[in-house]
Amino acid sequence: MAMVMDLGALDGILRDEVVVPLDGKNLNLDVPAFGAEGVLPTCEAIASYLFLRIAARLPTGVALERVRVMEDPTLYADCTGVD
């Protein structure tokens, strides 16, 4: 089976779109899309936010299937990009 995309490139996208903007941040205060000026940072809202940002950065011909945000093994939200 062939590689879908370069994993180094995917790692860079995830670093830029997930780790740098969200890791260690207070989502209500540090991320403009959430908090007082945006929506509550629920698992569903975060998954949707990340889906749009990651999908937009993928190379032509590569489609994002799902983003899952987990608070714990029994509490999570999936975003598939379909409303």
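The rules we used
- Counting restarts for each chain: residues are numbered from 1 in the order of the written sequence.
- Totals for whole chains, interfaces and linings use every residue, but because this is a predicted model, local features are given only for residues with pLDDT of at least 70 and side-chain atom pairs only at 80 or more, for both listing and counting.
- Hydrogens and water molecules were not included; the side-chain quantities draw on all heavy atoms of the structure.
- Runs of E in the DSSP output that reach at least two residues are strands. Runs of H or I that reach at least four are helices, and both are numbered from the N terminus.
- For each residue, the accessible area found with a 1.4 Å probe, counting protein chains only, is set against the maximum for its type, and the residue is called buried under 20%, exposed over 50%, and partly exposed in between.
- Should any heavy atoms of two residues lie within 4.5 Å, those residues are counted as being in contact.
- Using the Shrake-Rupley algorithm and a 1.4 Å probe, accessible areas are obtained, with residue cover drawn only from the displayed protein chains.
- Under the convention used here, Asp and Glu are negative, Lys and Arg are positive, and both His and the chain ends fall outside the count.
- Just so you know, the charge point we use is NZ for Lys, CZ for Arg, CG for Asp and CD for Glu.
- For two strands to be treated as a pair, DSSP must find no fewer than two bridges joining them.
- Here the expected length of a helix is defined as 1.5 Å per residue gap, with one fewer gap than residues.
- Should a side-chain nitrogen of Lys or Arg be within 4 Å of a carboxyl oxygen of Asp or Glu, the pair is scored as a salt bridge.

> Let's hear about the overall build of the protein: which residues, and what values?
The number of helices and strands found in the protein is three helices and two strands. Written out in order from the N terminus, the α and β elements of the protein read α-α-α-β-β. By principal-axis analysis of the C-alpha atoms, the protein measures approximately 45 × 25 × 25 Å. Counting only residues that meet the buried cut, the protein has 29% of its 83 residues in that class. Taking the intrachain contacts of the protein between residues at least 6 apart in sequence as the baseline, contacts between residues at least 24 apart amount to 36%. Summed over all atoms, the accessible surface of the protein reaches about 5,900 Å², with 57% contributed by carbon and sulfur. Taking the average place of the 6 positive charges on the side chains of the protein and the average place of its 13 negative ones, the gap between the two points comes to 4 Å.

> Which residues make up the pairing of strand E2 (residues 75-79), and what values do they have?
By the bridge criterion, five bridges tie strand E1 (residues 67-72) to E2 in an arrangement that is antiparallel. In the sheet register, methionine 70 faces E2, and the bridge partner there is tyrosine 76. Counting the residues that bridge the hairpin from E1 to E2 gives two residues.

> I'd like to hear about the environment of threonine 80, residue by residue, with values.
Looking at the secondary structure, you find threonine 80 in the segment after E2. A relative accessible area of 35% places threonine 80 in the partly exposed class. Discounting residues that sit within four places of it in the chain, threonine 80 has contacts with Phe51, Glu65 and Arg66.

> Provide a residue-level description of helix H3 (residues 43-57), including the pertinent values.
The end-to-end C-alpha distance of H3 is 21 Å, a good match for the 21 Å that 15 residues give at a rise of 1.5 Å each. Turning to H3, its buried residues number three or more, namely Cys43, Ala45, Ile46, Ala47, Tyr49, Leu50, Phe51 and Ile54. Buried residues along H3 sit against helix H1 (7-22), helix H2 (27-30), E1 and E2.

> Describe in detail the pattern of salt bridges, supporting the description with residues and values.
Pairs can form between side chains of opposite charge whenever their charged atoms are close. As enumerated under the stated definition, the model contains seven salt bridges in all. Glutamate 17 is the salt-bridge partner of arginine 53, the closest N and O atoms lying 2.8 Å from each other. Pair noted here: arginine 53 is in helix H3 and glutamate 17 is in helix H1, with a separation of 36 residues, a long-range link. A relative accessible area of 32% means that arginine 53 is categorised as partly exposed. In this structure, glutamate 17 and arginine 57 form a salt bridge, with 2.7 Å as the shortest nitrogen-oxygen distance. With glutamate 17 in helix H1 and arginine 57 in helix H3, this residue pair connects regions lying 40 residues apart in the sequence. Given the relative accessible area of 35%, arginine 57 is considered partly exposed. Overlapping salt bridges, with partners in common, bring together Arg15, Asp16, Glu17, Arg53 and Arg57 in one network.

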